[in-house]
Amino acid sequence: MAARRVSSLLSRSFTSASSFSKGRSSSVSRGIGKYSTAAAVEDPITPPVKVGYTKLLINGQFVDAASGKTFPTLDPRTGDVIAHVAEGDAEDVNRAVAAARKAFDEGPWPKMTAYERSRVLFRFADLIEKHNDELAALETWDNGKPFEQSAKIEIPMLARFFRYYAGYADKIHGLTVPADGPYHVQTLHEPIGVAGALNIVSGFGPTAGAAIASHMDIDKVAFTGSTATGKIVLELAAKSNLKTVTLELGGKSPFIVCEDADVDKAVELAHFALFFNQGQCCCAGSRTFVHERVYDEFVEKAKARAEKRVVGDPFKGGIEQGPQIDSDQFEKILKYIDYGIKGGATLETGGERFGSKGYYIKPTVFSNVKDDMRIAKDEIFGPVQTVLKYKELDEVIKRANNSRYGLAAGVFTQNIDTANTLTRALRVGSVWINCFDVFDASIPFGGYKMSGNGREKGIYGLQNYLQVKAVVTPLKNPAWL
């Protein structure tokens, strides 16, 4: 499941980010108890940015939805409306597709040299970097993740991706292929469908999303979200024009702590692997398998670390955890916590709302979790750590692989042989050894099984958008073959 993003919330004015550290101070909410907080959820900081654009972007113009409808996007810190955004549907998708086709068929992009196209992408990256804090503030306001994460990690990473692929623009080429006979054979790498056109249609899955997946004039769809929705996208694509689809879907990633682990370091890394982004991370290490020799020590220290986690207004410096993305996700997480309690797992800490306003949840740790419990099988997508005990390496391999998902895994060990064994045995798209959530423009990312298909980033991600054409020409009296 992907967190909600409203791409059309652009801004016109911005207040210096330095105001974060000088903003309003606040008190700890009543009833918080042992959980650390550096910012009151009752009195949120005013975001240092204004919403300037809430319309669709079609054919280079900001326009209203054809229906005139809008929908509210909410501040997860309070539940209050940030802005009303244009609600696109099938008619708007049709307009965007027609504009993109015309731009590609009649516009300058296909006739530009590869170097010229790379300069456009580099310029885009420069603009992202120039407006880094502005974009980060919008992301945090809409999404709830800490501003420091948005400003120092995510927006810079976005600019890095553009620069990475800009560098590839003049390095995409085919091959000369030897054939059994007097023929010159070459391959061309061509884009799948329209390239170089940007349109933004905000809306909902059953309307705008379904229109995109089933559109007869769209040749490629990339979807990030839940496995259930991914199946629908794939079905609609198959029923329409058999468009190419890549899917980055859900996960229930194992984080395996081996018996030789430095427990303090393992606890910190496992904490990061699960609680990063409020637990709303598709590859979160949400099944923490711990060897029986260090299990009890790990649980106690994991509990203590969760209770020290700093929860509060994501615009305040030093905050580790903001609110969940929206009310639906907030309620879903609390429901799964209830499943864990009723299912017999031991609630070590957390398990309830943080404060009385917004979508904050206390960092939660369960021990004595069994593989057949819902909290061990389903993607919770929230700040809920489940700690499971294992005895043998072969055992944990089987249990880790016994999931419909296969997005990622973490391994914490000092033994290179153990690391190599697990790396090859785990049926997942990414394995992090003594680290977690290490992302780079060059590192491919994607899943096995029901975590999706295709890869994002790196050369593997680029291949998703290219198709190969074979060109064969007869040779008359060739000097060589």
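This text follows the structure it describes.
Residues numbered from 1 in each chain as written. Predicted model: local features only at pLDDT ≥ 70, side-chain atom pairs only at ≥ 80, totals over all residues. Heavy atoms only, no water.

Enquirer: Please provide a residue-by-residue account of a negative patch on the surface, values included.
Expert: A surface patch of like charges, here negative, comprises E259, E292, E392 and D394. When its relative accessible area of 46% is taken as the criterion, E392 is described as partly exposed. (Patch = residues over 30% accessible without salt bridge, like charges linked within 9 Å, V, L, I, M, F, W, Y side chains within 5 Å. Areas by Shrake-Rupley, 256 points an atom, 1.4 Å probe, with all protein chains shown as cover. Salt bridge = Lys/Arg side-chain N within 4 Å of Asp/Glu carboxyl O. Lys, Arg positive; Asp, Glu negative; His and termini not counted. Charge placed at Lys NZ, Arg CZ, Asp CG, Glu CD. Buried < 20%, exposed > 50% of the residue type's maximum accessible area, 1.4 Å probe, protein only.)

Enquirer: Could you give an account of the packing of helix α8 (residues 263-275) against helix α9 (residues 295-308), naming the residues involved and the relevant values?
Expert: Put simply, α8 and α9 touch, their axes get as near as 9 Å, and they point 55 degrees apart. Between α8 and α9, the interaxial angle falls into the category oblique. Here α8 runs over α9; the crossing is right-handed. Two secondary-structure elements touch here, α8 through V263, D264, A266, V267, E268, A270, H271 and F275 and α9 through E297, F298, K301, A302, R305 and A306. Grouping the constituent residues of the contact of α8 with α9 by class yields 8 nonpolar, 1 polar and 5 charged. (Axes fitted to C-alpha atoms, helices over the stretch in contact; angles between N-to-C directions. Helix = DSSP H or I, 4+ residues; strand = E, 2+ residues; numbered from the N terminus. Parallel < 35°, antiparallel > 145°, perpendicular 65-115°, else oblique. Left-handed = near helix turned anticlockwise from the far one by under 90°. Contact = heavy atoms within 4.5 Å. Nonpolar A, V, L, I, M, F, W, Y, C, P; charged D, E, K, R; others polar.)

Enquirer: So what about the packing of aromatic side chains? Which residues, and what values?
Expert: Applying the stated rule across the entire model yields 14 aromatic pairs. Pairing Y164 with Y168 gives two aromatic rings, centres 5.5 Å apart and planes at 70 degrees, and the pair type is edge-to-face. Taken as a pair, Y164 and Y168 lie in helix α5 (residues 147-168) at a separation of 4 residues, close to a single helical turn. The exposure class assigned to Y164 is buried, which follows from its relative accessible area of 16%. A connected cluster of aromatic rings, assembled from ring pairs, spans F255, W432, F436, F439 and F445. (Phe/Tyr/Trp six-rings, centres within 6.5 Å; stacked < 30°, edge-to-face > 60°.)

Enquirer: I'd like a rundown of the environment of S403, residues and numbers included.
Expert: Mapping S403 onto the fold places it in the loop between α12 (393-401) and β16 (405-406). C-alpha of S403 to C-alpha of S253: the two residues are 150 residues apart in sequence and 9.0 Å apart in space. The contacts of S403, once residues within four sequence positions are left out, are K252, R287 and K449.

Enquirer: So what about the pairing of strand β10 (residues 244-248)? Which residues, and what values?
Expert: When you tally the buried positions in β10, you get 4 out of 5 residues, the bulk of the element. In this sheet, β10 lies alongside strand β9 (residues 220-224) in parallel orientation, the contact comprising 5 bridges. Within β10, the position partnered with T224 by the bridge is E248. Crossover connection from β9 via helix α7 (residues 227-239) to parallel β10: handedness right-handed. When β10 meets strand β20 (residues 452-453), the two strands line up antiparallel, connected through 2 bridges. (Pairing = 2+ DSSP bridges. Right-handed = clockwise from strand over helix to strand, strands pointing away.)

Enquirer: Any details on the pattern of salt bridges? Residues and values, ideally.
Expert: Pairing of side chains with opposite charge becomes possible as their charged atoms draw close. Here the structure, examined in full by the defined rule, presents 24 salt bridges. One continuous salt-bridge network, built from bridges that share partners, spans E268, R305, R309 and E320.

Enquirer: A description of the sheet that holds strand β11 (residues 254-257) should follow, citing residues and the corresponding values.
Expert: Judged by pairing direction, the sheet is mixed, and its 7 strands sit side by side in the order β13-β14-β15-β12-β11-β17-β18 without closing on themselves. Two strands in the sheet have a free side with no partner beyond their single neighbour: β13 (346-349) and β18 (430-433). Across the sheet, the mean angle separating the axes of adjacent strands is 25 degrees when strand polarity is ignored. With 4 bridges joining them, β11 and strand β12 (residues 287-291) adopt parallel strand pairing. Along β12, the bridge assignment pairs I256 with F289. Docked against the sheet, α8 engages β11, β12, β14 (364-367), β15 (384-390) and β17 (408-412), running at close to 135 degrees with respect to β15.

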